Every structure is written in structure tokens, then in C-alpha cells.
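# Examination of the molecular architecture
Residue strings, one per chain:
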Amino acid sequence: MALILDGKKLAQTMQAEIAAEVAQLAQQTGVRPGLAAVLVGNNSASQVYVRNKRAACQKAGLDSWLYDLPEQTTQAQLLELVQRLNADPKVHGILVQLPLPKQIDEAAIVEAVSPDKDVDGFGVSSLGFLAMGKPRFLPCTPLGIQQLLLRNNILIEGRHVVIVGRSNIVGKPLALILMQKAAGANATVTVCHSKSERLGEITKQADIVIVAIGQTHFLKADMVRPGAVVVDVGINRLPDGKLAGDVDFAAVEKVASAITPVPGGVGPMTITMLLHNTLQAARFHVNNRES
Ligand code: NDP
């Protein structure tokens, strides 16, 4: 049976570590890390995500503010709010929950967030720094996956990681993170997508397979080399309301050496990395203030 990579438990441990660092920073510098969360419209999943993110902030001692805007908010109004938050010294991180209503150009909003406060790591400069090997804010889900592997003593360096999915928020930055010339990375990375041929043959060559495509139970046991590590990023809602991942967990856990569950695997790590990034942003703020 595979080792279960318990993201929920690790998230609790890491959030407690972050809480201690937040308290220390506040005591030493008078600065308490603060996250501004911006929610536009009535998307119920987004409302839950933002609520969970703010609850985690509060538990770890970060300040958090919610800007809950109506569905018909215009792009100009949202841009004006982002500019105000960019200029507010108490706000160290800005989270604009996606997706945004269709009258708003998401890319323009993501780019309007100051690179110093881009705790989601979605902006062009955050991704550019990462691509250049000088990472600043790493996107939360990929960073959480790296931490989940490392903190479970799973070696990444030198191993073949196959990532299925190439989105800008998961697959692509994850590939950049794991292939960095840095401790905890140095992997040989292959990225697959919907046009990849003989995908099962490629995933079967992996030491670590990471699936982020949004298709229930896509990765089957015969696509996994016995003893490989499997990370499931997918969150899919089944007709009965339950959540399922992109991996056929029941079958794959019999061949994998370690595997993440859904829920309770990658998801809780994503929120934890948002807190980590906000703490890091507050530290940048303190260092810039002093230099
Ligand atoms: P996107 O829809 O943005 O991207 C999906 C990617 O999967 C694309 O690159 C697409 O290929 C690829 N893909 C789709 N179907 C196949 C297929 N049959 N074979 C191979 N590749 C395929 O998704 P996201 O990256 O935003 O999210 C992926 C999943 O992860 C979703 O279930 C999402 O809910 C979940 N998620 C979970 C998070 C967490 O915290 N646990 C955070 C973010 C996402 P192509 O580029 O060719 O179209």
C-alpha cells in the first residue's frame, strides 16, 4: 500500500510554523503581515475559497481584509481598488480571486497588482523571475506540491517528473519550479497536455507523476510505474456532490509508493503557501523600509 501524502496534516504543521514567524516579525518590527482579499460577484466556489483563505490568515495571526464587490463591478472600479491596495503600506499581499465576471479582463487585473504584493504569483514579473531562476513569489499550488514532496522526504533532485497539464497557474510554473537549479528541485521534467501522444507511455517512465487537468480518475494504474510517487492536483465534483481527483486513487494506490488523496492532499497546501507568500511579502516590505 502506498504512503498517503497527507496535505491536511502538513498544512496544519506549516501554518503553525508560519504563525510563530508572524508573531516574531510583529514583535521585532511592529509589522504584522496583511492580506487583502478581493472577491467579485457571487461565484459560490470562490466565496468558499476566500472564506477559507481568510480563516487561515486569522488563525496564523495575519491581518486580512475582504473587499466583497458586486457582480456588476466594472473593470475601472476594480483597477481603482487594486491601485489603492498597491499604495496601502498595511497591505503586503493582494489576492484577487479568479474567475472574474466576464466584463472584466482578468489579465489586466492580474498585471495591475504590484509585483511586490503578487502573493498568488500569477503576474508576468513573478513568472518571469521564476523562469530566469530568480524566483520571488511562487504560485501557491505548485509551491505547495514541492513542499508536500520535500517534507515527506521524497527526493526530487535528479528524478524524472512527468506533469500532465500545462496551465499558467499549475502545470507550467510547477515545471519551472521543479527544474530550477536549486536545492529541492533539479528534476528532469516532462510536461504533457491534451495533444500529447502515447501519454500513458510517458507517465509510465516517471519517478513522480503529477496530474493537473480537471478530469475525474484520468490517471489509471497501468499508466504508473510500480513504485512511482503520484500527486493529484485535480478537484472534480461528482454527481453525488463528493470531490474526486484526476487520479483513479483506489487502483493507483496499489502500484504507487506514495500518493496524495483528494480532498486532503494538494488543496490544503495551496492555502498554506498563500500565508507563506504573504509573510515573505511583509519581510520584503520591512527590508525595503530599512534600506
Ligand atoms: P486548466 O483547465 O487551466 O488546464 C488543464 C490542462 O490539462 C491543460 O493544459 C490541458 O491541455 C490539459 N488537459 C486537459 N485534458 C487533458 C487530457 N485528456 N490529457 C492531457 N492533458 C489534458 O486547469 P488548471 O491547471 O487550472 O486545473 C487543473 C485541475 O487542478 C482542476 O481540476 C482544478 O480544479 C485543479 N486545481 C486544484 C488546485 C488545488 O489547490 N488543489 C488549484 C488549482 C487547480 P491543453 O493545454 O492542451 O488544453
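To be clear, the structure that these remarks concern was listed above.
Residues numbered from 1 in each chain as written. Predicted model: local features only at pLDDT ≥ 70, side-chain atom pairs only at ≥ 80, totals over all residues. Heavy atoms only, no water.

## A word on the environment of leucine 98
By the element assignment, leucine 98 lies in the loop between β4 (93-96) and α4 (106-112). Leucine 98 gets classed as partly exposed once you look at its relative accessible area, which sits at 24%. Sequence-distant contacts of leucine 98, that is, excluding residues within four places in its chain, are made with Ser46, Glu106, Val110 and Phe122. (Helix = DSSP H or I, 4+ residues; strand = E, 2+ residues; numbered from the N terminus. Buried < 20%, exposed > 50% of the residue type's maximum accessible area, 1.4 Å probe, protein only. Contact = heavy atoms within 4.5 Å.)

## Concerning the pairing of strand β7 (residues 208-211)
Both faces of the sheet carry side chains from a regular strand, because those side chains alternate between them. In β7, alternate side chains face the same way, and those of Ile208 and Ile210 on one face and Val209 and Val211 on the other are all buried. The pairing of strand β5 (residues 160-164) with β7 spans four bridges and is classified as parallel. In the strand pairing of β7, valine 164 is matched with valine 211. Note: β7 against strand β8 (residues 229-232), four bridges, orientation parallel. Each bridged residue has a counterpart across the sheet, and for valine 209 the counterpart in β8 is valine 230. (Pairing = 2+ DSSP bridges.)

## A word on the pairing of strand β3 (residues 63-69)
Pairing of strand β2 (residues 34-40) with β3 involves seven bridges; the strand directions are parallel. Bridge pairing in β3 places leucine 39 opposite aspartate 68. Note on the crossover from β2 through helix α2 (residues 44-59) to β3: the handedness is right-handed. (Right-handed = clockwise from strand over helix to strand, strands pointing away.)

## Quick notes on the site of the ligand
The environment of the ligand is formed by 22 residues, the closest being Arg166, Ser167, Ser194, Gln215 and Thr270. The contact in question runs from a nitrogen atom of the ligand to an N or O atom on the side chain of glutamine 215, over 2.9 Å. Measuring from an oxygen atom of the ligand, one finds a side-chain N or O atom of threonine 270 at 2.8 Å. When isolated, the ligand has an accessible area of 930 Å², and the protein chains bury 70% of it. Split by residue class, the shell around the ligand holds 10 nonpolar, 11 polar and one charged. (Near = heavy atom within 4 Å. Polar contact = N/O pair within 3.5 Å; in protein donor to acceptor, adjacent residues only side chain to side chain. Areas by Shrake-Rupley, 256 points an atom, 1.4 Å probe, with all protein chains shown as cover. Nonpolar A, V, L, I, M, F, W, Y, C, P; charged D, E, K, R; others polar.)

That's the geometry; what it means functionally is another story.
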